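Here is what each chain is made of, one letter per residue.
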Amino acid sequence: MDLTDTLSRFDEFYKNQSPPWVIGEPQPAIVEVVRAGLISGRVLDVGCGTGEHTILLRRAGYDVVGIDGAPTAVEQARRNAAAHGVDARFEVADALDLGDRPAYDTVVDSALFHVFDDETRAEYVRSLRTVTRPGSTLHLLALSDAGRGFGPEVSDTTIREAFTTGWVIEELAETTYRGVVGELHAEALGQPVGTRVDEPAWLARIRRV
């Protein structure tokens, strides 16, 4: 995977249209994670997009930073937070090089993991390990291969194999991911453009050891 090219395409997406994963609110599955009290300590929202989860967590009183590799997404996230009157922090950052010290106790990944190929996914997991400490938790929401082609999809096996060394998967459950049908996926989904859909997804709680 050429990550530079991928990030450029994502950035153009944000510049020229509303991406299908931007729904103007947090993903219901992530809202339930927060309601369940499964967030603790300093939080990283990785692949934050337009910032809905960072805003959700900041409103709940968490010390959180949202990062994305697409500068336009980060600009939109900052405007989004300001419009909601929330003092949230966003940064442009490379998910494959998150830093060299364990700075976070919880990581939230909503629909980033599933965009990577096998090689890049391994780099990403190593990067996550570098910025978390033993006992830290990753909450991972990814589109399931049981879906209809709304976006990149992964199997439960892919998730399990990615987190075999240095991690323990405490829970891996079926859930849904909410999106908005765009022109690219309208035919595959059999839904008109602009329709909201809830597609099959995985929600994993993964502990760093």
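Residues numbered from 1 in each chain as written. Predicted model: local features only at pLDDT ≥ 70, side-chain atom pairs only at ≥ 80, totals over all residues. Heavy atoms only, no water.

A.B. asks: Explain the packing of aromatic side chains to me, please; I cannot follow it from the model alone.
C.D. replies: The relative placement of two aromatic rings is captured by the distance of their centres and the angle of their planes. The full count for this structure, using the stated rule, is 5 aromatic pairs. Measuring from ring centre to ring centre gives 5.4 Å for Phe10 and Trp21, while their planes differ by 65°; the resulting arrangement is edge-to-face. Of this pair, Phe10 sits in helix α1 (residues 3–16) while Trp21 sits in the loop between α1 and α2 (28–35), and the two are 11 residues apart along the sequence. On the basis of relative accessibility, which here comes to 25%, the residue Phe10 falls in the partly exposed class. Ring plane angle 85° and centroid distance 5.4 Å describe the contact between Phe163 and Trp167, whose orientation is recorded as edge-to-face. (Phe/Tyr/Trp six-rings, centres within 6.5 Å; stacked < 30°, edge-to-face > 60°. Helix = DSSP H or I, 4+ residues; strand = E, 2+ residues; numbered from the N terminus. Buried < 20%, exposed > 50% of the residue type's maximum accessible area, 1.4 Å probe, protein only.)

A.B. asks: Would you mind going over the side chain of Asp11 with me for this structure?
C.D. replies: Structurally, the position occupied by Asp11 is in helix α1. Leave out the neighbours within four places in its chain, and Asp11 touches Ala70, Pro71, Thr72 and Ala73. (Contact = heavy atoms within 4.5 Å.)

A.B. asks: Is there a simple way to think about the pattern of salt bridges in this case?
C.D. replies: When the charged atoms of two side chains lie near each other, side chains of opposite charge can form a pair. Across all of its chains, the model carries 14 salt bridges by this definition. Across the pair Arg205 and Glu170 runs a salt bridge whose closest N-O atoms are separated by 3.0 Å. With Arg205 in strand β7 (residues 196–208) and Glu170 in strand β6 (residues 167–180), this residue pair connects regions lying 35 residues apart in the sequence. Looking at Arg205, the relative accessible area reads 21%, which means it is partly exposed. Among the residues examined, Glu170 registers a relative accessible area of 36% and is labelled partly exposed. Taken together, the shared-partner salt bridges in this structure form one network comprising Glu25, Arg178, Arg196 and Asp198. (Salt bridge = Lys/Arg side-chain N within 4 Å of Asp/Glu carboxyl O.)

What is shown is where atoms sit, not what they do.
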